[in-house]
Amino acid sequence: CEQDCDAYLVLQEAHDEIIRNALAETGGHEVDTEGDAFQCMFPNVVSSLSFCFKVQKELLDYDWPQSVLSLDGCGKVKSTLFREKHIWSGPRVRMAIHLGLSGSYYAKTHPTTRRVAYGGPAWNATRTLSDVGYGGQVLVSEQAWMDLTANSDEGAVGYPIFEDLGMYQVDPEDKQTVMRILQCSPARSPISERSFDELKEVEMLDLGKGMNIVPPMEGKVALVCLIMEPLCFLDIVETFIALIAKRELASNNAPGCKKTDLSRSCDGSATSLDLPEYDNRVDLKTTMSFKRKEQVLYDSNNIRLSGAMAAAVGEEEEEGRPREFMAEHQQAVEILSTIIESLVSQFGGYVIRTVEEVDTPPQLMLISFKSSSSAVRFTLAAQTTLMEYPWPRAINEALGTTQVSTFLSSRGTPLFSGPSIAMSAHVDRVEKFDLFSNSAASGFSRCSSTRERVSYKYKGILQTLELARIASGGQTILSSEFFDSRWQKGLSLSQTRVTDLGIHDVNHFAQPVNLIEILPKVLCDRSLCFPPLASHRILSVGAQNAPGAEGEAVALVFTYPRVPPRFQKHFLAGQAVDNFSETVRFLLPRYNGYESQEVGTGCFFLSFPSVDDAVAWGIHVQLVLRGADWNSCQDQLLQGMDSEGCGDVAGTGSEESEALDMLRSSSFSSTSEDPFLQFTTSMMNKHFVLPQIGICHGMPSKVTPHVQTGRADYFGPIVNLTARVAKQTRPGEIFLANEFLAASKEKRGAARAPPAGVADFPPLLSPRNSSEDEAAESNMGGRSTSYFLKGMDCDNEGKWVEADLRDEGKRAFKGVRNKTRVVSVKLKALANGGLSHISSESMSVSVSASASASAAASP
């Protein structure tokens with residue numbers, strides 16, 4: 001080097017050392033060197049990309065002396081995206097990767113050096129490819145890129161960013177050497193900010209597709225929609241959604257915006273339960289949770305909120321005031337589009353430009369992904385990248401987001417910065433069609449090539465658009481269809497926060513849909529700033545509004561379905577357990593219940609805001625099971641024999657013969673002297689499944705979203721106590737306990753007043769002093785109380801039933817230090833042998849609890 005030979009020698013030595021160290025770490029093989037150039041071989045594309053990225057990073061981070069930085073092309077250039085980082089520092093090395101298939105290259109031993117030398121078309125193409133780029137640029141052939149994506153190995157190299165540069169004639173002398181060339185850069189690195197001129201010494205045959213390099217997708221895909229700064233551009237987005245919705249309504253096969261069928265489950269499958277409906281709407285705006293969030297939102301000098309948050313809590317623009325769009329708005333859209341498109345390329349997505357021949361507005365983007373795991377990574381990276389971007393102050397002022405950064409997380413870091421995006425993800429089957437006319441495809445286009453233009457039909461896309469519309473700026477929501485897919489594959493759940501948002505009635509969805517919020521762990525405190533989703537209506541609350549989420553006392557419930565031993569292998573018993581699970585979920589919203597977990601079929605962990613709700617729900621479930629045709633052993637087994645033409649049990653299996661013999665017998669007596677235990681035994685012999693239901697009232701030590709499901713998860717001694725109580729409950733019964741009674745007398749003290757939230761607990765379980773405990777033990781009596789069962793009448797009204805609360809005495813539970821008093825709940829009708837005081841016309845089921853038969857009538 002004529003400038004400074006000593007500086008160049010320092011550069012050369014460091015350069016060679018970095019490359020050889022990287023080769024050793026990535027499993028590469030040094031073939032030969034030509035001056036300062038290296039020729040290397042790798043076993044696969046992943047290791048070659050890892051080598052290139054490592055070399056570029058090491059060269060950038062190396063502590064170069066000032067003499068080296070003074071050389072031409074070696075100076076430092078600061079990054080505009082990453083604080084205290086540089087785009088350039090030190091020498092700039094060009095690199096190229098090409099995949100050589102078997103037969104496209106050869107290897108032989110050099111006669112002089114005794115090293116293995118390579119040659120052939122693939123080897124020559126690689127050398128030519130390395131000559132057309134610029135220092136600091138990594139070029140990849142289409143063959144290498146296709147091999148990487150075909151094996152889904154993008155994650156092994158950190159989901160790099162690819163950009164299609166076009167189709168080129170690599171060798172001017174050989175017209176057959178046509179190659180599509182892509183530029184590659186590591187994700188979330190200042191290296192991705194590098195820009196280069198057009199490739200040199202090659203002839204371009206076709207323009208590239210830019211970042212949108214993945215071909216159009218069809219079939220079942222993961223769809224992501226994002227709306228840029230909803231508060232400013234929501235009107236434009238709603239106009240686009242309205243146009244697509246008109247196409248939906250005009251289609252003969254379109255369901256339109258049908259009225260939601262509440263008799264179906266959340267996943268859209270028709271329920272097999274013949275139960276009347278009961279409309280139990282939820283209004284989150286009246287809950288303490290929403291009031292708390294509203295207070296947090298306006299806690300910072302009444303600042304203007306970003307995105308849809310302000311509109312959702314009532315901070316709207318003055319009516320009739322014209323909306324002004326400035327140059328900063330367009331600049332924000334351009335920056336957002338550039339960032340998002342690079343992330344789309346990084347995670348292998350395809351940007352949908354046209355839906356039903358209508359171009360998407362620039363403030364909205366629709367992306368399809370091959371897998372839901374790539375889609376969810378894209379959403380997390382998008383929210384984080386936009387948060388870290390150094391937005392100009394002029395853009396923040398134009399969007400009204402200057403002071404939103406005052407919202408701080410629990411660690412003291414800002415939660416919002418710059419324009420926000422509302423995102424949604426949904427899994428559905430999509431259908432595309434070609435746009436034959438270029439005029440039909442005119443309009444805004446962010447793609448560098450418009451030769452391949454396709455449009456998509458509304459199905460699946462319209463639902464994704466609607467989910468993004470009801471979300472807030474900075475929020476990402478997933479549909480239940482997306483959540484049920486394999487989105488967690490290869491994702492570290494410790495870096496994410498999943499929160500259940502409840503069941504919602506959303507436009508353009510035929511059935512209620514369970515929505516889930518997902519955010520990066522560093523931005524998880526944003527959940528406290530979001531108002532309820534702007535859906536049509538809320539059918540079930542989410543984790544943040546679940547019972548006990550605000551630190552109040554809660555009634556926890558465990559259920560364990562029990563099947564008689566002689567029926568455990570019968571297929572009808574399995575169907576009965578499935579129907580029991582469906583019954584639990586069907587009745588849960590009526591009593592303000594919340595499903596936390598289901599560990600095994602029918603083994604539920606539930607929560608209720610009050611004991612009365614929990615007990616009424618438990619009674620309702622037990623009545624349904626006792627009166628359902630599908631749970632009657634006698635009706636189902638005899639009906640199966642009649643359908644097969646069997647008049648006797650000779651043709652049936654031994655287990656069914658014993659079961660039928662027992663069912664035909666008039667004796668169901670138990671060896672126990674307890675008359676109610678005899679009744680329970682007879683009920684178990686006449687039903688496929690009866691559950692053990694244990695209820696405990698108390699204060700959980702912590703309520704937080706579950707790491708995997710996002711549903712409210714409860715912790716503390718009360719959880720263990722509830723499970724133990726349920727385990728000791730007889731099948732078909734309900735046991736109650738109080739966590740506060742499990743505490744020692746010293747901790748309870750002499751105070752007779754119950755803790756906050758326990759005042760409405762049944763008197764039998766209210767905290768007592770020692771003298772009252774002794775008196776209760778000597779008098780094991782009970783008392784009667786009434787419970788309102790919702791949706792029991794044909795006219796969608798309720799029904800009051802009377803029950804006995806019987807003191808079962810103190811019991812010892814494993815893992816609980818002190819004995820706890822337990823109360824059983826028994827319907828007077830069941831204890832007396834029937835439901836004679838409740839008319840069968842007004843019940844959804846009619847139950848006879850006689851000792852010889854069990855009859856069930858249709859509702």
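As shown above, the structure is provided for reference.
Residues numbered from 1 in each chain as written. Predicted model: local features only at pLDDT ≥ 70, side-chain atom pairs only at ≥ 80, totals over all residues. Heavy atoms only, no water.

1. Here we look at the overall build of the chain
We apply this condition: By the criteria applied, helices consist of DSSP H or I runs no shorter than four residues and strands consist of E runs no shorter than two, each listed in order from the N terminus. With a 1.4 Å probe rolled over the protein chains alone, any residue whose accessible area is under 20% of its type maximum counts as buried; one over 50% counts as exposed, and the rest are partly exposed.
The number of helices and strands found in the chain is 22 helices and 33 strands. In the chain, which comprises 859 residues, the proportion classed as buried is 53%.

2. Quick word on the side chain of arginine 711
Definition in use: Pairs of residues are marked as contacts when any of their non-hydrogen atoms sit within 4.5 Å.
Mapped onto the fold, arginine 711 is located in the loop between β28 (702-705) and β29 (712-715). Those residues in contact with arginine 711 that sit more than four places away from it in its chain are Asp500, Asn514, Ala543, Tyr594, Glu595, Ser596, Thr704, Pro705 and His706.

3. Brief notes about the sheet that holds strand β16 (residues 364-369)
As a reminder of what qualifies: Between any two strands, pairing holds if DSSP finds at least two bridges. Orientation is described by lines fitted to C-alpha atoms, with helices fitted over the stretch in contact, and by angles between N-to-C directions that extend from 0 to 180 degrees.
Within the open sheet, the eight strands sit side by side as β13-β16-β12-β17-β20-β22-β21-β23. Their pairing is mixed. Of all strands in the sheet, those with a lone pairing partner are β13 (349-352) and β23 (537-540), marking the two edges. With strand direction ignored, the average angle separating the axes of adjacent strands in the sheet is 35 degrees. Note: strand β21 (residues 496-505) against strand β22 (residues 513-520), seven bridges, orientation antiparallel.

4. Quick word on the packing of helix α14 (residues 571-587) against helix α15 (residues 611-627)
Applied cut-off: Roughly parallel means an angle under 35 degrees; roughly antiparallel means over 145; roughly perpendicular covers 65 to 115; every other angle is labelled oblique. Helix crossings get a hand from a simple test, with the near helix turned counterclockwise from the far one by less than a right angle marking a left-handed crossing and a clockwise turn marking a right-handed one. For this classification, the nonpolar set comprises Ala, Val, Leu, Ile, Met, Phe, Trp, Tyr, Cys and Pro, the charged set comprises Asp, Glu, Lys and Arg, and every other residue, Gly included, is treated as polar.
Where α14 meets α15, the axes come as close as 10 Å, and the angle between the chain directions of the two elements is 140 degrees. The pairing of α14 with α15 is recorded here as oblique in orientation. Like other packed secondary-structure pairs, α14 and α15 cross with a definite hand, here right-handed. Where α14 approaches α15, its residues Phe580, Thr583, Val584 and Leu587 are matched on the opposing element by Trp617, His620, Val621, Val624 and Leu625. Taken together, the residues of the contact of α14 with α15 sort by class into seven nonpolar, two polar and no charged.

5. A closer look at the pairing of strand β1 (residues 29-34)
Residues in a regular strand point their side chains to alternate faces of the sheet. Where β1 meets strand β2 (residues 37-41), five bridges bridge the pair, whose relative direction is antiparallel. Residue pairing across strands places aspartate 32 opposite glutamine 39, the latter belonging to β2. Linking two consecutive strands that pair antiparallel, namely β1 and β2, is a turn of two residues; a positive phi of about 70 degrees is found at glycine 35 within it.

6. Points about the environment of arginine 566
Of note, arginine 566 is situated in the loop between β24 (554-562) and α14. With 122 residues separating them along the chain, arginine 566 and phenylalanine 688 place their C-alpha atoms 9.6 Å apart.

7. Notes on the pairing of strand β9 (residues 161-169)
Counting buried positions over the nine residues of β9 gives seven, a clear majority of the element. Of the pairings in the sheet, the one linking β9 to strand β10 (residues 178-185) comprises eight bridges and is antiparallel in character. Bridging across to β10, glycine 166 finds its partner in isoleucine 181. Bridge count for β9 against strand β11 (residues 203-210) is five bridges, and the pairing is antiparallel. In the sheet register, aspartate 164 faces β11, and the bridge partner there is glycine 210.

8. Overview of the packing of aromatic side chains
For any two aromatic rings, the description comes down to two numbers: the centre-to-centre distance and the angle of the planes. The condition is simple: What counts as a ring pair is set by centres within 6.5 Å for rings of Phe, Tyr and Trp (its six-membered ring), and what kind of pair is set by the plane angle: stacked under 30 degrees, edge-to-face over 60, tilted for all other angles. Two thresholds decide whether a charge sits over a ring: the Lys NZ or Arg CZ must be within 6 Å of the ring centre and within 35 degrees of the ring normal.
In this structure the tally under the stated criterion is 18 aromatic pairs. Where phenylalanine 42 meets phenylalanine 51, the ring centres are 5.1 Å apart and the plane angle is 40 degrees; that geometry is what we call tilted. Here the aromatic cluster, defined as three or more aromatic residues joined through ring pairs, consists of Phe558, Tyr560, Phe605 and Tyr714. Across from the ring centre of tryptophan 88, 4.0 Å away, lies the NZ or CZ of arginine 92, which sits over that ring. Across the ring face of tryptophan 88, the terminal group of arginine 194 is positioned such that the distance to the ring centre comes to 4.2 Å.

9. Describing helix α12 (residues 461-470)
The buried count for α12 comes to 10 of 10 residues, which makes it a mostly enclosed element. Listing the buried residues of α12 in full gives Ile461, Leu462, Gln463, Thr464, Leu465, Glu466, Leu467, Ala468, Arg469 and Ile470.

10. Thoughts on the pattern of salt bridges
The line we're drawing: Between Lys or Arg on one side and Asp or Glu on the other, a salt bridge is scored when a side-chain nitrogen of the former is within 4 Å of a carboxyl oxygen of the latter.
Counting across every chain of the model gives 24 salt bridges. Here glutamate 431 ties to lysine 457 by a salt bridge, and the two come within 3.4 Å at their closest N and O atoms. Separated by 26 residues along the polypeptide, glutamate 431 in the loop between β17 (421-430) and β18 (432-434) and lysine 457 in the loop between β19 (454-456) and α12 bring together distant segments of the chain. A relative accessible area of 42% places glutamate 431 in the partly exposed class. When its relative accessible area of 33% is taken as the criterion, lysine 457 is described as partly exposed. One salt bridge connects aspartate 500 with arginine 711, and the closest N-O pair in it is separated by 3.3 Å.

11. A look at the nonpolar core
A general trend in soluble globular proteins is that nonpolar side chains are found buried together. Cut-off, in case you're wondering: To form a nonpolar core, buried Ala, Val, Leu, Ile, Met, Phe, Trp, Tyr and Cys residues must be joined to one another through side-chain atoms within 4.5 Å.
Counting residues in each nonpolar core, the largest one holds 60 residues, and the members touching the most others are Leu49, Phe51, Phe162 and Ile461. When residues in this core are grouped by element, the largest group, eight residues, is from helix α2 (residues 45-61).

12. A closer look at α2
For clarity, the threshold we go by: The span expected for a helix works out to 1.5 Å for each residue beyond the first. In protein, a polar contact requires one atom able to donate a hydrogen and another able to accept it; more generally it is a pair of N or O atoms within 3.5 Å, and residues adjacent in sequence count only if both atoms are side-chain atoms.
For α2, spanning 17 residues, the distance from its first C-alpha to its last is 24 Å, which sits close to the expected 24 Å at 1.5 Å a residue. Counting buried positions along α2 yields 12 of 17 residues, so the element is predominantly enclosed. For α2, the complete set of buried residues consists of Val45, Val46, Ser47, Ser48, Leu49, Phe51, Cys52, Phe53, Val55, Gln56, Leu59 and Leu60. The N-cap of α2, judged by a side-chain oxygen 3.3 Å from the amide nitrogen of valine 46 a few residues on, is asparagine 44.

13. Topic: the sheet that holds strand β8 (residues 138-141)
Taken in spatial order, the five strands of this open sheet run β5-β8-β10-β9-β11, and their pairing is mixed. The open sheet has two free edges, formed respectively by β5 (95-97) and β11, since each of these has just one partner strand. Each neighbouring strand pair of the sheet contributes to a mean axis angle of 25 degrees, computed without reference to strand direction. Two strands pair when backbone bridges link them, and β5 and β8 are joined in this way by three bridges, in the parallel orientation. What sits directly across from alanine 96, in β8, is leucine 139. The strands touched by α2 are β5, β8, β9 and β10; relative to β5, the strand with the most contacts, the crossing angle is about 170 degrees.

Without other data, these values stay purely geometric and don't point to any function.
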